[in-house]
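In case you want the letters, here they are:
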Amino acid sequence: MNILTGELFLHHDFLRLTREHPIEIGNRCSKRYNNFVITLIDTGILLIEPESAGSIDIVISSGVHGNETAPIEICNLLVKEILDGKLQVNNRILFIIGNPPAMNSGERFEEENLNRLFCGKHIGKSHREAKRAALLEKAVTDFFDSRHDSLERCHFDLHTAIRASKYEKFAIYPYQDGRALKNKYLNFFKDSDINTILLAHQPADTFSYFSSHQFKANAFTVELGKVRPFGENDMPSFAGILTSLRLLIKDEIDFDDSVNNDDFNLFQVVDEVIRYSENNFSLNIDVKQANFSTFPVAFQLTTDDDKGYQMKSDSDAIVFPNAKVPVGHRVALIVSKTSI
Ligand SMILES: [Zn+2]
């Protein structure tokens, strides 16, 4: 047994192992355990394969932004429950802690936002996060490609947000490249106490869009609340998503296909605010302004070289406002209510 799988089996602690070995180790190591094989593919990338794989192949990723600790603790808890024998594994699962060095330093990222480096955006870049994006793409590709008879592919990329949100938990449904939305996943989120869904309007460089676009996976970016340090997360508030993920892992999920719009806050992205200048730019809202806040028509959201962005409707809301982005990058999304 490799020393790393040895440590994992000694402590049943994926987070501790990743924290102590944050840099890529480059060699995979496997161990048979009860009714599954566990493989540490590289640091922060853990594959669990039951003897007979069920109907759904599942990727659960966390820590793509290093300081978003709650999703990492959720992954760690699920791995621990599996290794402790408390959670029966009947589907193949790939658990990921996305950016271990940034996690160790409590930073969102070191050189570049990892969640803007997928779908090949890492190509031609040599910094550590670009290499990590390539490695994560390969791990997900190998995972989905190694089995062609799976009925369903899922990827839940778990995050917490920099700022407060009018709707604390929400999921982003990536642009579907023309495919229809799947109602049953909207119900999956409703059953997970996440009834706010944001429908993306175009391709993105995110981890969830990568899995959706490349593998037609049912992939989502899931925002679970506000960023907090390790140990300060309100774990009971994640009971809903934990219950749903456990049911998926056990292959016992009972998907309901009919959707009632009244059960959801559905939003569609209608605009993107881009930063155009280094020195003439400002984002004219309070740093504490919550996601999904609305503003009066003509409110000057940003000042910038292109005259900035004025709100076009008093029902439009802003999501992910972030002034600390490089020129050419997104400052905020503008969303409006929709239905399906
Ligand atoms: Zn994030």
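Take the coordination of the zinc ion next. For the zinc ion, every protein donor is listed as His 65 (ND1), Glu 68 (OE), Glu 68 (OE) and His 159 (ND1), and the spread of their distances is 2.0 to 2.3 Å. Around the zinc ion sit four donor atoms; with metal-centred angles ranging over 57 to 144°, the donor geometry is irregular. Note on Glu 68: relative accessible area 2%, which makes it buried.

With that settled, consider the domain arrangement of the protein. Assigned domains within the protein: domain 1 (3-261) and domain 2 (270-338). Taken together, the contacts link 16 residues of domain 1 with 18 residues of domain 2. Roughly 1300 Å² of surface becomes buried between domain 1 and domain 2 when both sides are summed, with 59% attributable to carbon and sulfur atoms. Summed over the shared surface of domain 1 and domain 2, the result is zero salt bridges. One can count six residue pairs in polar contact (both at pLDDT 80 or more) joining domain 1 with domain 2. Only strand E7 (170-173) and strand E8 (196-199) provide two or more residues apiece to the side of domain 1 that touches domain 2. Considering every element that reaches the side of domain 1 that touches domain 2, the biggest residue donor is E8, with three residues.

Take the side chain of Asn 218 next. Mapped onto the elements, Asn 218 comes out in strand E9 (residues 218-226). The exposure class assigned to Asn 218 is buried, which follows from its relative accessible area of 7%. Ignoring any residue separated from it by four or fewer positions in sequence, one finds Asn 218 in contact with Glu 152, Arg 153, Cys 154, His 155, Lys 182 and Tyr 185.

Okay, the packing of helix H3 (residues 69-83) against helix H8 (residues 239-249) next. Packing of H3 against H8 leaves a shortest axis separation of 11 Å and a crossing angle of 45°. With respect to their mutual orientation, H3 and H8 come out oblique. Our pair here, H3 against H8, has a crossing hand that is right-handed. Contacts between H3 and H8 involve Ile 74, Leu 77, Leu 78, Glu 81 and Ile 82 from the first element and Ile 241, Leu 242, Leu 245, Arg 246 and Ile 249 from the second.

What follows is about a negative patch on the surface. Side chains of Asp 191, Asp 193, Asp 254, Asp 256 and Asp 257 sit close together on the surface and give a patch of like negative charge. Tracing the chain through its elements places Asp 193 in the loop between helix H6 (183-191) and E8. Under the relative-accessibility criterion, Asp 193 is labelled exposed at 56%.

This part takes up the layout of surface pockets. Approximately 220 Å³ is the volume attributed to the second largest pocket. Arg 28, Ile 41, Lys 138, Ala 139 and Asp 142 are the residues nearest the centre of the second largest pocket, which is lined by 15 residues in total. Contributions of two or more residues to the lining of the second largest pocket are made by strand E2 (36-42), strand E3 (45-50) and helix H5 (128-145). The residue inventory of the lining of the second largest pocket, partitioned by class, reads six nonpolar, three polar and six charged.

In total, this model carries one cavity of 30 Å³ or more according to the counting rule given. Within this model, the largest cavity holds a volume of roughly 30 Å³. What lines the largest cavity is Leu 4, Leu 17, Thr 18, His 21, Ile 25, Leu 40, Thr 43 and Gly 44.

Moving on: the environment of Phe 264. Mapped onto the elements of the fold, Phe 264 is located in the loop between H8 and strand E10 (265-274). Spatially, the C-alpha atoms of Phe 264 and Asp 157 are 20 Å apart, while their sequence positions differ by 107 residues.

On to the sheet that holds strand E13 (residues 300-303). With antiparallel pairing, three strands are arranged side by side in an open sheet as E11-E13-E14. Here the strands that pair on one side only, and so sit at the sheet edges, are strand E11 (282-283) and strand E14 (309-310). One ladder, built from two bridges, connects E11 with E13; its direction is antiparallel. Within E13, the residue paired with Leu 283 across the bridge is Thr 302.

Let's shift gears to the nonpolar core. Ile 60, Phe 95, Phe 156 and Leu 245 are the most contacted members of the largest nonpolar core, which has 53 residues in total. For this core, the element with the highest residue contribution is H3, accounting for eight residues. Ignoring any residue separated from it by four or fewer positions in sequence, one finds Leu 245 in contact with Ile 60, Ile 74, Leu 78, Phe 156, Leu 158 and Phe 188. Counting 21 residues, the second largest nonpolar core, distinct from the first, contains Leu 117, Phe 118, Ala 133 and Phe 144.

Let us now look at the environment of Asp 193. Taking the C-alpha atoms as reference points, Asp 193 and Ala 239, separated by 46 residues in sequence, lie 8.6 Å from one another. The contact partners of Asp 193, leaving out residues within four places of it in the chain, are Lys 169 and Gly 240.

According to the stated counting rule, one finds 22 aromatic pairs in the structure shown. With a centroid separation of 5.4 Å and 45° between ring planes, the pair formed by Tyr 33 and Phe 36 is classed as tilted. Each member of the pair, Tyr 33 as well as Phe 36, carries the same accessibility label: buried. On the basis of an interplanar angle of 70° and a centroid distance of 4.7 Å, the ring pair of Tyr 173 and Phe 220 is categorised as edge-to-face. Taken together, the residues span a long stretch of sequence, with Tyr 173 in strand E7 and Phe 220 in strand E9 at a distance of 47 residues. An identical accessibility class is assigned to Tyr 173 and Phe 220; each is buried. Following the ring pairs from residue to residue traces out a cluster consisting of Phe 156, Tyr 173, Tyr 185, Phe 188, Phe 189, Phe 220 and Phe 255. Positioned above the aromatic ring of Phe 230, the side-chain terminus of Arg 19 is 4.7 Å from the ring centre.

Criteria and thresholds
Residues numbered from 1 in each chain as written. Predicted model: local features only at pLDDT ≥ 70, side-chain atom pairs only at ≥ 80, totals over all residues. Heavy atoms only, no water. Donors = N, O, S within 2.8 Å, 3.2 Å for Na, K, Ca; no water. Tetrahedral: all angles 85-135°; square planar, octahedral: opposite > 155°, others 65-115°. Buried < 20%, exposed > 50% of the residue type's maximum accessible area, 1.4 Å probe, protein only. Domains from an automatic or database assignment. Contact = heavy atoms within 4.5 Å. Buried area = accessible area lost by both parts, 1.4 Å probe. Salt bridge = Lys/Arg side-chain N within 4 Å of Asp/Glu carboxyl O. Polar contact = N/O pair within 3.5 Å; in protein donor to acceptor, adjacent residues only side chain to side chain. Helix = DSSP H or I, 4+ residues; strand = E, 2+ residues; numbered from the N terminus. Axes fitted to C-alpha atoms, helices over the stretch in contact; angles between N-to-C directions. Parallel < 35°, antiparallel > 145°, perpendicular 65-115°, else oblique. Left-handed = near helix turned anticlockwise from the far one by under 90°. Patch = residues over 30% accessible without salt bridge, like charges linked within 9 Å, V, L, I, M, F, W, Y side chains within 5 Å. Areas by Shrake-Rupley, 256 points an atom, 1.4 Å probe, with all protein chains shown as cover. Lys, Arg positive; Asp, Glu negative; His and termini not counted. Charge placed at Lys NZ, Arg CZ, Asp CG, Glu CD. 1 Å grid on protein atoms, 1.4 Å probe; cavity = no way out; pocket = protein on both sides within 12 Å on 5 of 7 lines; lining within 4 Å. Points joined across faces, edges and corners; volume = space filled by probe spheres on them. Nonpolar A, V, L, I, M, F, W, Y, C, P; charged D, E, K, R; others polar. Pairing = 2+ DSSP bridges. Core = buried A, V, L, I, M, F, W, Y, C linked by side-chain atoms within 4.5 Å. Phe/Tyr/Trp six-rings, centres within 6.5 Å; stacked < 30°, edge-to-face > 60°. Lys NZ or Arg CZ within 6 Å of the ring centre and 35° of its normal.

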